[in-house]
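Spelled out from the first residue to the last, the chains are:
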Amino acid sequence: MSSESKIPVSTYFGAMTFDQKAMRARLPKEVFTALQGTIKAGKKITEEIAGVVAHGMKEWAMEKGATHYTHWFQPMTGSTAEKHDAFLSIDRDGTPIERFSGEQLIQGEPDASSFPSGGMRTTFEARGYTAWDPSSPAFLMKGGKDLTLCIPTVFISYNGEALDAKTPLLRSMDAVSKSSIRLLETLGVSGVSRVKTFAGCEQEYFLIDRKYYTERPDLVMCGRTLLGALPPKGQQLEDHYFGSIPDRVLEFMQDVEHELYLLGIPAKTRHNEVAPHQFEIAPIFEEANIAVDHNLLVMEVMRKIAEKKGFALLLAEKPFAGINGSGKHNNWSIGTDTGINLLDPGDTPEKNIQFLVFLVAVLGGIYKRADVLRMSIASMGNDHRLGANEAPPAVVTVFLGELLERVLDAIESGKVDLKTQKQVLNLGLAQVPEVNKDYTDRNRTSPFAFTGNKFEFRAVGSSQAASVPNMVLNTLMAESVDQMADAILAKIKAGKERDTAILETLREQITATKAIRYQGDNYSEALQQYARDNGLPNLKNTPQSLRVLLKKDIQDLFIKYGVLTAEETNSRLHIRLERYVKGIDIEARTLQLMLKTFVIPDVSEYQGDIGSSFNNLLAAAEAIGLSDKAIKSQADHLKKLAENLSTLIDLTGEFDEVVEKLETLDSEFDKADYCADVLLPFMVKVREVSDRLELMVDRSRWQLPTYSEMLFEH
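Residues numbered from 1 in each chain as written. Predicted model: local features only at pLDDT ≥ 70, side-chain atom pairs only at ≥ 80, totals over all residues. Heavy atoms only, no water.

Enquirer: Please explain the overall build of the chain as it appears in this structure.
Expert: Scanning the chain from N- to C-terminus turns up 22 helices and 19 strands. Put simply, 74% of the contacts in the chain that link residues at least 6 apart link residues at least 24 apart. About 31,000 Å² of surface is accessible on the chain, with carbon and sulfur atoms providing 52% of the total. (Helix = DSSP H or I, 4+ residues; strand = E, 2+ residues; numbered from the N terminus. Contact = heavy atoms within 4.5 Å. Areas by Shrake-Rupley, 256 points an atom, 1.4 Å probe, with all protein chains shown as cover.)

Enquirer: Just to check I follow, could you spell out empty space enclosed by the protein for this structure?
Expert: Gaps between atoms show up when a probe of the same size as a water molecule is rolled over them. Going through the model one piece at a time under the given rule, you end up with five cavities of 30 Å³ or more. Taken as a whole, the largest cavity holds about 110 Å³ of empty space. Considering the residues around the largest cavity, the lining is formed by 14 residues, among which Cys201, Ile265, Pro283, Asn295 and Val298 are closest to the centre. Elements with a contribution of two residues or more to the lining of the largest cavity: strand 9 (195–209), strand 11 (278–283) and helix 9 (288–308). By residue number, the principal contributor to the lining of the largest cavity is helix 9, which donates four residues. In the lining of the largest cavity, the residues fall into 10 nonpolar, three polar and one charged. Looking at the second largest cavity, its volume works out to about 60 Å³. With three residues, the single largest contributor to the lining of the second largest cavity is helix 9. In terms of residue class, the lining of the second largest cavity is made up of six nonpolar, three polar and one charged. (1 Å grid on protein atoms, 1.4 Å probe; cavity = no way out; pocket = protein on both sides within 12 Å on 5 of 7 lines; lining within 4 Å. Points joined across faces, edges and corners; volume = space filled by probe spheres on them. Nonpolar A, V, L, I, M, F, W, Y, C, P; charged D, E, K, R; others polar.)

Enquirer: Would you mind showing me how to read the nonpolar core here?
Expert: In summary, soluble globular proteins display a tendency toward joint burial of nonpolar side chains. Counting residues in each nonpolar core, the largest one holds 180 residues, and the members touching the most others are Leu149, Tyr205, Phe252, Ile366 and Leu679. The element that contributes the greatest number of residues to this core is helix 19 (residues 566–624), accounting for 14 residues. Other than its neighbours up to four places away in sequence, Phe252 contacts Tyr205, Leu207, Met302, Ile305, Ala306, Lys309 and Phe311. Counting 13 residues, the second-largest nonpolar core is a separate cluster that includes Tyr212, Tyr213, Ile323 and Met710. (Core = buried A, V, L, I, M, F, W, Y, C linked by side-chain atoms within 4.5 Å. Buried < 20%, exposed > 50% of the residue type's maximum accessible area, 1.4 Å probe, protein only.)

Enquirer: Honestly, the packing of helix 5 (residues 166–186) against helix 10 (residues 353–368) in this entry has me stumped. Any pointers?
Expert: When two helices pack together, their arrangement is captured by the angle between the axes and the distance separating the axes. For the pair helix 5 and helix 10, the least separation of the axes is 11 Å and the interaxial angle reads 140°. Between helix 5 and helix 10, the interaxial angle falls into the category oblique. For the pair helix 5 and helix 10, the sense of crossing is right-handed. Here Ser180, Leu183 and Leu184 of helix 5 lie close against helix 10, whose contacting residues are Gln354, Val357 and Phe358. Class assignment for the residues of the contact of helix 5 with helix 10 results in four nonpolar, two polar and no charged. (Axes fitted to C-alpha atoms, helices over the stretch in contact; angles between N-to-C directions. Parallel < 35°, antiparallel > 145°, perpendicular 65-115°, else oblique. Left-handed = near helix turned anticlockwise from the far one by under 90°.)

Enquirer: Even after reading the chapter, I still don't get the confidence of the model for the chain, so can you show me in this structure?
Expert: For any part of a model where pLDDT is low, the fine detail of the predicted coordinates should not be relied upon. On average, residues of the chain score 88 in pLDDT, and 90% of them are at 70 or above. For the stretch residues 417–421, pLDDT sits under 50, and the model shows 13 contacts to residues farther than four places along the chain or on other chains. Contacts from residues 431–437, a stretch scored under 50 in pLDDT, to residues over four places away or in other chains number 15 contacts. (pLDDT = per-residue confidence, 0-100.)

Enquirer: Any chance you could explain the layout of surface pockets here in plain terms?
Expert: Here the second largest pocket is characterised by a volume of approximately 1,400 Å³. Surrounding the second largest pocket, 43 residues form its lining, Thr38, Ile39, Asp133, Pro134 and Ser135 being those nearest its centre. Of all the secondary-structure elements, those providing two or more residues to the lining of the second largest pocket are helix 1 (20–26), helix 2 (29–41), strand 6 (128–132), strand 8 (146–157), helix 5, strand 9, strand 12 (286–287) and helix 9. Here the residues of the lining of the second largest pocket sort into 17 nonpolar, 14 polar and 12 charged.

Enquirer: Honestly, a nonpolar patch on the surface in this entry has me stumped. Any pointers?
Expert: On the surface, Val220, Met221 and Ile586 cluster together to form a nonpolar patch covering roughly 280 Å² of accessible area. Its place among the elements puts Ile586 in helix 19. (Patch = residues over 30% accessible without salt bridge, like charges linked within 9 Å, V, L, I, M, F, W, Y side chains within 5 Å. Salt bridge = Lys/Arg side-chain N within 4 Å of Asp/Glu carboxyl O.)

Enquirer: Before we go on, may I ask you to explain helix 16 (residues 525–534) in this structure?
Expert: Because the α-helix completes a turn every 3.6 residues, residues three or four places apart line up on one side. Leu527, Gln528, Tyr530 and Ala531 are the residues of helix 16 that are buried. For helix 16, the buried positions fall inside an angular range of 160° around the axis, keeping them on one side. Exposed side of helix 16, more than 90 degrees from the buried face: Glu525, Arg532 and Asp533 are the residues found there. Downstream of helix 16 by one or two residues, Gly535 has phi in the positive range, about 70°. (Arc of directions from axis to C-beta.)

Enquirer: Whenever I open this one, the side chain of Gln354 confuses me. Can you help?
Expert: Within the secondary structure layout, Gln354 lies in helix 10. For Gln354, a relative accessible area of 17% translates into the label buried. Beyond its immediate stretch of four places on either side in the chain, Gln354 contacts Leu184, Leu187, Val189, Ile340 and Leu342.

Enquirer: What exactly am I supposed to notice about the pattern of salt bridges here?
Expert: Using the criterion set out here, one finds 45 salt bridges in the structure. For the salt bridge of Lys142 with Glu259, the shortest nitrogen-to-oxygen distance reads 3.1 Å. Of the two residues, Lys142 sits in strand 7 (residues 139–143) while Glu259 sits in helix 8 (residues 247–262), which places them 117 residues apart along the sequence. Lys142 gets classed as partly exposed once you look at its relative accessible area, which sits at 39%. For Glu259, a relative accessible area of 18% puts it in the buried group. With its nearest N and O atoms 3.7 Å apart, the salt bridge here joins Arg589 to Glu663. Taken together, the positions of Arg589 in helix 19 and Glu663 in the loop between helix 20 (628–661) and helix 21 (668–694) put the pair 74 residues apart, joining distant regions of the chain. Relative accessible area serves as the criterion here: at 47%, Glu663 is assigned to the partly exposed category. Ionic contacts of the salt-bridge type, sharing partners, join the residues Arg210, Glu300, Arg303, Lys304 and Glu307 into one network.

Enquirer: I would appreciate a short explanation of helix 18 (residues 552–560) in the present structure.
Expert: Looking at helix 18, one finds that the buried residues are Ile554, Gln555, Leu557 and Phe558. Projected down its long axis, helix 18 carries its buried residues within an arc of 155°, all on one side. Those residues of helix 18 that are exposed and angled more than 90 degrees off the buried face are Lys552 and Lys560. Against helix 11 (370–376), helix 14 (467–493) and helix 19 lie the buried residues of helix 18. At the C-terminal side of helix 18, Gly562 shows a positive phi close to 65°.

Structure below.
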């Protein structure tokens, strides 16, 4: 760690980012002002202005030591992509010179044919464009021995289709801004030129020793363990959560934070999570598009630092069966460019009509579009985590807390007379001051919970980019906000006073969306019954969830708000189905490899040694006076080992046939359903036998690192 870490973070925060401070220092005043107009209001930028920005950006980057630049984008692979180009250019007379033009800043041309497009592009149609996104600051990324200037961009095809996750997110932010300004004007609020959505992604992850990682084909190929018996101690004692952070891990965290601070990423919190060797890093709120970029950088920085520290970073949602998995709690809020958080209730929520209208709009959006919100976090990895008595279920509900429930019930009944000033908890301890009581207790089981002035979408998977969940949240919010404004305006047009129209609309929407509000334990069977009784969608796996994108009203929703065309929606459906099937196929073939080259040989060899030992014992039994009971006990042990091994060998043969059948299926959905309904359950069946054998075999004969080693040896 550099000497910078020994001085206040504020003195070097963002030093590797071409932020406002760097722009102001490098750009003429009129160019800086024009660029700020682009960033804040979405105004077009001219190529002339871009040329000046490019020169200033290049000079800044080269002074820091950068030799190359890249357009950094988010293809539909769930990660990021980059192609590096040198600043170096050769003049006609052979003179070397560093160049970076406005044209190079604004637009790049990576090969689009090798990125998934869901049928929008064929292999021979290779042209694709990256286009500069000025709203997200450029930054310098360390790699190898040098720095590279990374320019956040969108990625589009030759014909303008979005080939990335960033473009639809930016479109959705524009949509929710336009709709929210209209609703605010309906409420009598003027002077707002833009409404922004904000996000903060709490990132959970596991760290294990890298030597164990490299010895497990399942972790290397799939990111999660496909075999492994639970250790005697897991998380039963609940002694890891918020516990003392091991020094080696703390050093990793400190190095990660240092790199993030240089990149202008406001990492705020670090702590042990519930499971052994599971941890969390949480940021400060930022605008949603920047928060998504920063979360992707957080994952990349953690991966690089982990390798340097001898760790392997595991971001899979469920890397260890029977052990709590990892999420990416997406904190989401909405506010104006004048600094008003539209989800801040103030001291008296029932009097803050603006807050209540937007709160109820959220309820309306989630109630109407719970299925598409569930779709947004569907993935192969998240299927193992959701509903596993540790994470939110596949049913999407909203938790508001006792006080806001009472407020909404009172509005619905017409009795808005509650005393809801901020409550205080008197702890009865002279040395401890009084503590303000929040409006809501925290419901850790809720997939979508109100937490004071924002919502926490807890069902997002730890490995996924947050672009899609935030895009969906913004879009369903735009629709719901418009419906609120339409209802209020219709009542005003019918002759009602504005306040009366607002209150009546609130009452109607509170009643209409009541079913989405669930205040109980979301892990319980009671929630499942509640979903059935109230008609809430319960999409238990990825294929079921992705079918939502086939619905005409969902495609129409994205089209109406300019977020996705029908073709772009279909492409995302096909890409995600394909990745789901290919991912499970890789897991299945990795399991075949492990069974045939690790488990069965290890157990067979051990069984042979035990059998030889037993034969020797039988030969000496009479001489040493061994009882029949003792002989039977050892014979039973050998028999149990042999029977389990035989069962595993038979199942492995059947498993080969199950895996091969996947290739005979035609449609994407047939393959996906087969993976979910047949292949994955068979993998669990095989695993159960293998895990039993692991507990019967001498540890020195078992090649694969065990859960005990990976989770408890640092």
